[in-house]
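# Descriptive structure summary
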Amino acid sequence: LDPQTSIFPKLQRWPGSNESGETLMVERSASSALFLNPLRYQADAALTLQRPLDEVGLVSAEALRGKLGLFTGHDYRGTAVLAYAGSVPGTPWTLIAKLDESEAFADLTRLTRLTAGVVSVFLAAAALLAGLWWRGEIHRYSGERLRLQLKEATARRRFEVLARQAHDVIVLVDAD
């Protein structure tokens with residue numbers, strides 16, 4: 001089979017409308033990861049692009065060192081990606097499906113921002129309601145204090161009038 005017509009076109013197709021998604025086929029070549037297929041962002045990479053196996057975080061190197069399944073790292077462009085790697089049985093090849101993290105988490109980021117906006121509006125409304133309630137409590141307290149001051153002033157005036165007008169002795173015998 002000619003890989004240019006049978007395998008590579010299938011690897012280059014990506015389901016959905018992702019702009020950064022691509023499938024890589026790599027194999028170990030001495031101390032490097034050799035890219036076997038044309039890449040979305042580097043078409044002439046098939047069988048020529050190699051990256052060192054000891055490069056930390058490079059998804060192709062990580063996969064060839066045995067890290068299979070879902071993980072994060074960076075691709076041959078240096079872009080942060082979400083990747084899934086699996087070995088191809090009966091071959092020395094490893095297949096990696098990857099998607100830029102910014103694209104993979106775009107919906108989650110949008111939802112997080114929307115949620116943060118709703119929460120901040122809710123908190124602002126709650127703070128406004130708490131402020132209005134507090135203002136009402138202050139006015140109620142101030143009104144009650146004013147009412148007590150007026151009652152005290154009235155009682156003081158009556159006592160003063162009584163004290164000035166009383167010509168007889170007033171004795172308190174019992175509090176009742």
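All values derive from a computational prediction rather than experimental measurement.

A few words now on a nonpolar patch on the surface. Together, F105, L108, L111, L114 and V118 make up a nonpolar patch on the protein surface, roughly 480 Å² of accessible area in all. Considering the arrangement of structural elements, one finds L114 in helix 5 (residues 106-165). On the accessibility criterion, L114 (55% relative accessible area) is exposed.

This paragraph deals with the pairing of strand 6 (residues 93-100). Here strand 1 (residues 22-29) runs beside strand 6; their pairing, made up of six bridges, is antiparallel. Within strand 6, the residue paired with T23 across the bridge is A97. In the sheet, strand 5 (residues 80-87) pairs with strand 6 via seven bridges, with the strands oriented antiparallel. Opposite G86, over in strand 6, you have L95 as the bridge partner.

One ladder, built from six bridges, connects strand 4 (residues 69-74) with strand 5; its direction is antiparallel. When the sheet's bridge partners are listed, H74 is paired in strand 5 with A80. Taking the residues that link successive antiparallel strands as the turn, the strand 4-strand 5 hairpin has five residues, and the phi of G78 there is positive, at about 90°. Taking the residues between adjacent antiparallel strands as the criterion, strand 5 and strand 6 are bridged by five residues, where G90 takes a positive phi near 80°.

Looking now at the packing of aromatic side chains. Following the criterion strictly, the structure yields two aromatic pairs and no others. Here the aromatic rings of F35 and Y76 are separated by 5.9 Å at their centres, their planes lie at 70°, and the arrangement is edge-to-face. With F35 in strand 2 (residues 32-35) and Y76 in the loop between strand 4 and strand 5, this pair connects stretches of sequence that are 41 residues apart. The pair formed by F35 and Y76 is uniform in burial state, with each residue classed as buried. An angle of 45° between the planes, with centres 6.1 Å apart, marks the rings of W133 and W134 as tilted. The same class applies to W133 as to W134, namely exposed. Here the basic side chain of R77 rests over the ring of Y41, its NZ or CZ set 4.1 Å away from the ring centre.

The sheet built from six strands is open, its strands ordered 3-2-1-6-5-4 with antiparallel pairing. The sheet terminates laterally at strand 3 (50-52) and strand 4, the two strands that pair on one side only. Averaged over all pairs of adjacent strands, the angle between strand axes in this sheet comes to 35°, irrespective of strand direction. Here strand 1 runs beside strand 2; their pairing, made up of four bridges, is antiparallel. Paired with R28 across the two strands is A33, which belongs to strand 2.

The subject of this paragraph is the pattern of salt bridges. Inspection of every chain in the model, using the stated rule, returns 10 salt bridges. Linking E22 and K98 is a salt bridge whose minimum nitrogen-to-oxygen distance equals 3.0 Å. Here E22, found in strand 1, pairs with K98, found in strand 6; they are 76 residues apart in sequence, far enough to count as distant. Classification of E22 as buried rests on a relative accessible area of 4%. Between D107 and R110 there is a salt bridge, and its shortest N-O distance comes to 2.7 Å. Of the two residues, D107 and R110 are both situated in helix 5; the distance of three residues between them amounts to about one turn of the helix. Note on accessibility: D107 and R110 belong to one class, exposed. Each of E22, D75, R77, K98 and D100 takes part in salt bridges that share partners, so that together they form one network.

Cut-offs applied
- Residues numbered from 1 in each chain as written.
- Predicted model: local features only at pLDDT ≥ 70, side-chain atom pairs only at ≥ 80, totals over all residues.
- Heavy atoms only, no water.
- Patch = residues over 30% accessible without salt bridge, like charges linked within 9 Å, V, L, I, M, F, W, Y side chains within 5 Å.
- Areas by Shrake-Rupley, 256 points an atom, 1.4 Å probe, with all protein chains shown as cover.
- Salt bridge = Lys/Arg side-chain N within 4 Å of Asp/Glu carboxyl O.
- Helix = DSSP H or I, 4+ residues; strand = E, 2+ residues; numbered from the N terminus.
- Buried < 20%, exposed > 50% of the residue type's maximum accessible area, 1.4 Å probe, protein only.
- Pairing = 2+ DSSP bridges.
- Phe/Tyr/Trp six-rings, centres within 6.5 Å; stacked < 30°, edge-to-face > 60°.
- Lys NZ or Arg CZ within 6 Å of the ring centre and 35° of its normal.
- Axes fitted to C-alpha atoms, helices over the stretch in contact; angles between N-to-C directions.

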